[in-house]
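Here are the chains, one letter per residue:
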Amino acid sequence: MSTLSDPPKGSFRLSMLLNDTRYRSMTLQAIAAILLALALAYLYRNLAANLSAAGLNISFSFLGSSAGYDINQTLIDYNSQDSNLRAAVVGILNTLLVAFLACVTATVLGVIAGVLRLSNNWLVSKLMAFYVEIFRNIPVLIWIIIIFTIMTAVMPSPRDFRGDDPASSMLLDLFAFTNRGVYVPGPYFTRGVGGADGSIINWLLVIATLVGSLFATRFFTKRANSIQEDTGVRPNTLWVNLAIWFAPIIILCLILGLSWEIPALKGFNFSGGIKVGGPLIALWFALSIYTGAFIAENVRAGIQAVSKGQTEAAAALGLRSGRIMNLVVLPQALRVIIPPLISQYLNITKNSSLAIAVGYADITATLGGITLNQTGRAIECVLLLMLFYLVISLLISTFMNIYNSSMKLKER
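Residues numbered from 1 in each chain as written. Predicted model: local features only at pLDDT ≥ 70, side-chain atom pairs only at ≥ 80, totals over all residues. Heavy atoms only, no water.

### Quick word on the layout of surface pockets
Turning to step 1, where the next piece is worked out: Of the voids in this model, the largest pocket is the one considered here, and its volume is about 1,400 Å³.
Turning to step 2, where the next piece is worked out: As for the largest pocket, its lining consists of 31 residues, and the residues nearest its centre are Thr74, Leu75, Ile76, Trp203 and Ile274.
Turning to step 3, where the next piece is worked out: Mapped onto the lining of the largest pocket, the elements with two or more residues apiece are helix H3 (84-116), strand E3 (186-189), helix H6 (199-231), strand E7 (274-277) and helix H8 (278-305).
Turning to step 4, where the next piece is worked out: It is H6 that provides the largest number of residues to the lining of the largest pocket, a total of six residues.
Turning to step 5, where the next piece is worked out: In terms of residue class, the lining of the largest pocket is built from 19 nonpolar, eight polar and four charged. (1 Å grid on protein atoms, 1.4 Å probe; cavity = no way out; pocket = protein on both sides within 12 Å on 5 of 7 lines; lining within 4 Å. Points joined across faces, edges and corners; volume = space filled by probe spheres on them. Helix = DSSP H or I, 4+ residues; strand = E, 2+ residues; numbered from the N terminus. Nonpolar A, V, L, I, M, F, W, Y, C, P; charged D, E, K, R; others polar.)

### With respect to the sheet that holds E7
Turning to step 1, where the next piece is worked out: With antiparallel pairing, the three strands of this open sheet are ordered in space as E1-E2-E7. At either margin of the open sheet sits one strand with a lone partner, and together these are strand E1 (176-178) and E7. Pairwise comparison of adjacent strand axes, ignoring direction, gives a mean angle of 15° for this sheet.
Turning to step 2, where the next piece is worked out: Sheet strands touched by H8: strand E2 (181-184) and E7. Its angle to E7, the strand with the most contacts, is close to 55°. (Pairing = 2+ DSSP bridges. Axes fitted to C-alpha atoms, helices over the stretch in contact; angles between N-to-C directions. Contact = heavy atoms within 4.5 Å.)

### Let's talk about the confidence of the model for the protein chain
Turning to step 1, where the next piece is worked out: Chain-level pLDDT for the protein chain is 83 on average; 93% of the residues reach the 70-or-more range.
Turning to step 2, where the next piece is worked out: Looking at the elements of the protein chain, mean pLDDT is at its lowest for helix H1 (residues 16-19), recorded as 68, and at its highest for H3, recorded as 90. (pLDDT = per-residue confidence, 0-100.)

### A closer look at the packing of aromatic side chains
Turning to step 1, where the next piece is worked out: The final tally for this structure, using the stated rule, is seven aromatic pairs.
Turning to step 2, where the next piece is worked out: Ring centres 5.0 Å apart and planes at 50° place the aromatic pair Tyr131 and Phe135 in the tilted group. Here Tyr131 and its partner Phe135 are both found in helix H4 (residues 122-136), four residues apart, which amounts to about one turn of the helix.
Turning to step 3, where the next piece is worked out: Given the relative accessible area of 15%, Tyr131 is considered buried.
Turning to step 4, where the next piece is worked out: Each ring, one from Phe388 and one from Tyr389, has its centre 5.1 Å from the other, and the planes form 70°; the classification is edge-to-face. Grouping residues by exposure puts Phe388 and Tyr389 together as buried. (Phe/Tyr/Trp six-rings, centres within 6.5 Å; stacked < 30°, edge-to-face > 60°. Buried < 20%, exposed > 50% of the residue type's maximum accessible area, 1.4 Å probe, protein only.)

The following block contains the structure:
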């Protein structure tokens, strides 16, 4: 049986591609796809013709040639004789590092500021409002330069740590804060798999252990939730979860022989341990406090979107204000907070390209800066940069959308 809205059935005619609702959308999409393909083909043909006229061609062989420049902050081994491809990988890792650190820190700052802005304490509320209005209305590039300038002008130089009565000293004889960066103890394994060449394998084992602990704690938490729904009594999972988190990683570190390399002043600078360079710190802090102001507004809007009756009902059950915020308000506010939060994470990743202003070697500074200028392969470098940021942005959006779907209200 057909309804009144269904088109009449009969033999197929070309006019049905536009007049029949069953085919119209597909026809329009096909036309749009053809026009887009033609436009791209025209642009590529125009580009190829111009390059041919200039005696140039598109080639990525430059990635295999020697880079010829040093990088001040690296997560993997690198020297100036390595290839441009390895220099680009170093830049990618540096970009991912600062983006990850800034996303975590900005989220913490944003949640704290967003919650405190709704505080009943007038002074605290106004201070958070001042933070939000000041930091989000000044360009992030200015904050990067301000923080970097303060670090280089205020922090002591390495020579201030030298002598019998130095002007500066290491914190707890473990941490050195200088105008070149912060030096902290660096972990390494004395009995690791594969010796010194297997350091990556050892860290992968550590990461795998932590991931396994995460899934194990989630399993026990879901089991406790199920028991609570069936019996009304929730088992105590605190000590079990703590044991799951700490026992495996401690045992693994003991097996691998975890040790620490302490920074020491040698010559004109500190060596050993891990160096967190000044450009990385400036970029990290600037992106965090700038984006944290935007996240604070998202958090405030999400909290205010929760019905006031929810808070009143929780208070009537005897819950304290802190428990009400953690157990009742924030879980419901996440449904409003997460969608704009995705955009803020994307902004952090893309704003990290401003690292070149303070000399931090991210992917834009390496592949889109030094490598481009040395090789003259502007088109290839820009295409690779576009591809990198596109892939990273899509991955962030995908994972955050999956998390957003898990937080949606489940109807029964």
